[in-house]
Amino acid sequence: MKIDFTKNTDGLVPVIVQDAQTKNVLMLGYMNQEALTVTQETKKVTFFSRSKNRLWTKGEESGNFLGLVSIKNDCDHDALLVTVNPEGPTCHKGTDTCWAEENIQEYGFLSTLEEIITSRKDDAENPDSYVASLFRKGINKIAQKVGEEAVETVIEAKDNNDELFLSESADLLFHYLILLQAKGYQLNDIEKVLMERHK
């Protein structure tokens, strides 16, 4: 890996630290050649601290180490992307990230859809909400809808109409997200099960 430590007079390159699982950015630090070498050898992310003027392994005092997964350099060879498995909060203020954000898995629009379903569930008396009406009818009705959508998806899978297949697949996933919440779970819980099976 070619890294140009000479572009800055202090011999440091910026390091973006990203969670290997959630892909969230956790912090920004700096490395010199020695910090990079120590990181690669120990598999614990080590920076050059500008305030302490020395090498500093994240977690050396708190115990919240950053376990190294991978290191990539950018197209100009003067910045690094380090992916990690964090052991506890990353920020010295005790938050998951240095931007005071939770380090949780996001699934794009599916996460937005989960939030919408939660809001409809919490507003279950809303007469105009289809989701609220399902929650009012209870778990049996919600499970029945998932079964119906699954059958319709299978039927469309056997035909050649891709548009109908995708539409039924979307209906199935939507109702499955509702069923998950009716049982007190979300996609993150399913991901944990799948990750355990993958080990």
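Residues numbered from 1 in each chain as written. Predicted model: local features only at pLDDT ≥ 70, side-chain atom pairs only at ≥ 80, totals over all residues. Heavy atoms only, no water.

**Some thoughts on helix H1 (residues 33–42)**
Where H1 is concerned, the buried positions are Ala35, Leu36 and Thr39. All buried residues of H1 fall inside an arc of 100° around its axis, so they share one side. In this structure, H1 carries Glu34 and Glu41 as exposed residues pointing more than 90 degrees from its buried face. Contact partners of the buried residues in H1: strand E2 (25–31), strand E3 (46–49), strand E4 (54–57), strand E5 (66–73) and strand E6 (80–86). (Buried < 20%, exposed > 50% of the residue type's maximum accessible area, 1.4 Å probe, protein only. Helix = DSSP H or I, 4+ residues; strand = E, 2+ residues; numbered from the N terminus. Arc of directions from axis to C-beta. Contact = heavy atoms within 4.5 Å.)

**A word on the domain arrangement of the chain**
Here the domain parsing of the chain yields domain 1 (13–86) and domain 2 (109–198). Here the C-alpha centre of domain 2 lies 40 Å away from the C-alpha centre of domain 1. (Domains from an automatic or database assignment.)

**Considering the pairing of E4**
Both E3 and E4 contribute to a ladder of four bridges, which runs antiparallel. Across the sheet, the residue bridging to Thr46 is Thr57, located in E4. Where E3 hands over to E4, the hairpin turn is made up of four residues, of which Asn53 adopts a positive phi near 55°. (Pairing = 2+ DSSP bridges.)

**As for the UniProt feature "domain: Phosphoribosyl-AMP cyclohydrolase" (unreviewed entry) in the chain**
According to UniProt, the "domain: Phosphoribosyl-AMP cyclohydrolase" (unreviewed entry) feature falls on residues 27–99. What you have in residues 27–99 is 14% helix and 38% strand, and the ends, taken at the C-alpha atoms, are 8 Å apart. (UniProt positions renumbered as here; feature names shortened; annotations may be inferred.)

**Some thoughts on unusual backbone geometry**
Residues other than glycine predominantly adopt negative phi, and peptide bonds predominantly adopt the trans conformation. You will see that Lys23, though not glycine, has its phi angle at about 70°, which is positive. In this structure, Lys23 sits in the loop between strand E1 (13–19) and E2. The phi dihedral of Lys43 is positive, around 65°, even though this residue is not glycine. By the secondary structure assignment, Lys43 is in the loop between H1 and E3.

**Some remarks on the nonpolar core**
Counting residues in each nonpolar core, the largest one holds 18 residues, and the members touching the most others are Val17, Met31, Phe47, Leu66, Leu80 and Val82. Mapped by element, the contributors of at least two residues to this core are E1, E2, H1, E5 and E6. Aside from chain neighbours lying at most four places away, what touches Phe47 is Val15, Val17, Met27, Gly29, Tyr30, Met31, Ala35, Arg54, Leu55, Trp56, Lys58 and Leu66. Ranked by size, the runner-up nonpolar core spans 12 residues in total, among them Leu113, Phe135, Val146 and Leu179. (Core = buried A, V, L, I, M, F, W, Y, C linked by side-chain atoms within 4.5 Å.)

**Overview of the pairing of E6**
Relative to E6, E1 runs parallel, the two being bridged by five bridges. Opposite Ile16, over in E6, you have Leu81 as the bridge partner. When E5 meets E6, the two strands line up antiparallel, connected through seven bridges. Bridge pairing in E6 links Ile71 to Val82. Counting the residues between successive antiparallel strands, the hairpin from E5 to E6 contains six residues, one of them, His77, with a positive phi of roughly 60°.

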